[in-house]
Number of protein chains: 2
Amino acid sequence: MKRAFNVVQADLNQTLKPLDLRMVTYSALVLIVDNPGLRQSQLAEALDVERANLVVIIDELEGRDLITRDRVPTDRRAYALNPTLAGRRLYDRALEAVRGHERRILNGMDEEAKQAVIRAMSVIRRGSEGG
Amino acid sequence: MKRAFNVVQADLNQTLKPLDLRMVTYSALVLIVDNPGLRQSQLAEALDVERANLVVIIDELEGRDLITRDRVPTDRRAYALNPTLAGRRLYDRALEAVRGHERRILNGMDEEAKQAVIRAMSVIRRGSEGG
DNA sequence: TATTGTTATACTCTATAACTATA
DNA sequence: TATAGTTATAGAGTATAACAATA
């Protein structure tokens, strides 16, 4: 499974390289476009990344003018993350590129196997820690 | 897939912790017991780890007297890796522990899904890089 | 010349503690 | 007092270059 994941990640990163995105920055951008107004702590939890480590990821996306950090009026501690037009455009291009990546990776599996994998991945949950 | 792998790895490492093994050291031990006489460079390739990084892994196993580094008479540059009796005993215990881990992880998947995942993982190969 | 094992090193990822400004 | 975001830092894991011994 580790090796399979390494192969998938390597191919995905190669796919995203022309867009100057990595797996995390891609995932973050997708979540922000799909959930505008998201807060950093919510995004950190969704990505399963420490808040502290998310900061540099967000810094990068903001520095490239792909997203903005907007103060939340009702809670001045928090930032709402919103995509810019450039962010939405890169999102579109990235999504298309990732579709090609998925075709490459899933190539050789029949439809039944693909669905089984997707189901199986979602069955594996934190709950398995508790025995 | 990343999250699923993280869950699996965390559970596996917890499982191996009482035996003072991590995922890599476990994998290395298994390969050495199953292929006695293996050379470091072969093991590095099998584990998909850089030779340089394998050194410390082998150092650890050797330091705990689980394996030995034996000079190869026909090629004095190389070391043949062989398990000690203690190494074989730990291997047995580790294998049993990992069976429990697998039961936990695969729990909740029907037999068909398990087989599909195993097949799917083995379909994903370096070949997918070449398009 | 090339290869095996090794050392040193740098770079990335991840985890933790402590700070600030708000609530 | 607790929370959101931030900074600094330490620890893994991984990748690369260079070296000695040997082929």
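Structural notes, computed from the coordinates. Not measured: the values here are computed from a predicted model.

1. Regarding the interface of chain A and chain B
No. 1: Contact with chain A, which involves 33 residues of that partner, is made by 33 residues of chain B.
No. 2: Summing the contributions of chain A and of chain B, the shared interface buries around 2,800 Å²; its carbon and sulfur component is 71%.
No. 3: Linking chain A to chain B there are zero salt bridges.
No. 4: Our count for the chain A to chain B interface comes out at two residue pairs in polar contact (both at pLDDT 80 or more).
No. 5: Counting only elements with at least two residues in the side of chain A that touches chain B, the list comes to helix H1 (2–16), helix H3 (40–47), helix H5 (85–106) and helix H6 (111–123) of chain A.

2. Structural notes on the protein's contact with DNA strand C
No. 1: Neighbouring DNA strand C are 18 residues, the closest being A:Arg76, B:Gln40, B:Ser41, B:Arg51 and B:Arg69.
No. 2: Per the 4 Å cut-off to the protein, sugar and phosphate atoms form 56% of the nearby atoms of DNA strand C.
No. 3: Here A:Asn53 contributes a side-chain N or O atom positioned 2.9 Å from a base nitrogen of DNA strand C.
No. 4: Note that a base nitrogen of DNA strand C is positioned 2.9 Å from one of the side-chain N or O atoms of B:Arg51.
No. 5: Secondary structure elements with two or more residues in the surface near DNA strand C: helix H4 (51–63) and strand E3 (75–83) of chain A together with helix H3 (40–47), helix H4 (51–63) and strand E3 (75–83) of chain B.
No. 6: For the surface near DNA strand C, the per-class residue count stands at five nonpolar, three polar and 10 charged.

3. Describing a negative patch on the surface
No. 1: Residues A:Asp110, A:Glu112, B:Asp110 and B:Glu112 make up a contiguous surface patch of negative charge.
No. 2: Position of A:Glu112 relative to the elements: it lies in helix H6.
No. 3: Take A:Glu112: its relative accessible area is 53%, and that puts it in the exposed class.

4. Here's the deal with unusual backbone geometry
No. 1: A positive phi angle, near 60 degrees, is found at A:Asp65, a position not held by glycine.
No. 2: Of note, A:Asp65 is situated in the loop between H4 and strand E2 (67–72).
No. 3: The residue B:Asp48 is not glycine, and still its phi comes out positive at about 60 degrees.
No. 4: Residue position: B:Asp48 is located in the loop between H3 and H4.

Rules and cut-offs
Each chain carries its own residue numbering, running from 1 in the written order of its sequence. To label them, take the chains in the order written and letter them from A, then take the ligands in the order written and number them from 1. Local features are withheld for residues below a pLDDT of 70 in this predicted model, meaning they are given only at 70 or higher, and side-chain atom pairs are given and counted only at 80 or more; totals for whole chains, interfaces and linings count all residues. As a convention, hydrogens and water are excluded, and side-chain values are obtained from all of the structure's heavy atoms. The contact criterion used is simple: two residues touch if any of their non-hydrogen atoms lie within 4.5 Å. Here's the idea: put two parts together, see how much 1.4 Å probe accessible area each one loses, and the total over both is what we call buried area. Salt bridges are identified by distance alone: a Lys or Arg side-chain nitrogen within 4 Å of an Asp or Glu carboxyl oxygen. Within 3.5 Å is the distance limit for a polar contact, defined as a pair of N or O atoms, with the added protein rule that one can donate a hydrogen and the other accept it, and that residues adjacent in sequence qualify only through two side-chain atoms. Note on conventions: DSSP H or I runs of at least 4 residues are helices, E runs of at least 2 residues are strands, and numbering of each starts at the N terminus. Neighbouring residues are identified by heavy atoms, a residue being near a molecule or strand if any of them is within 4 Å of it. Each residue gets one label: Ala, Val, Leu, Ile, Met, Phe, Trp, Tyr, Cys and Pro are nonpolar, Asp, Glu, Lys and Arg are charged, and the others, such as Gly, are polar. A patch consists of residues whose relative accessible area exceeds 30% and which take part in no salt bridge; residues with like charges are grouped when within 9 Å of each other, and nonpolar side chains (Val, Leu, Ile, Met, Phe, Trp, Tyr) when within 5 Å. Note on areas: Shrake-Rupley with a 1.4 Å probe; residue coverage comes only from the protein chains shown. We score Asp and Glu as negative and Lys and Arg as positive, and we do not count His or the chain ends. For the purpose of locating charges, the reference atoms are NZ of Lys, CZ of Arg, CG of Asp and CD of Glu. Whether a residue is buried, partly exposed or exposed follows from its accessible area with a 1.4 Å probe, protein chains only, as a fraction of its type maximum: under 20%, in between, or over 50%, in that order.

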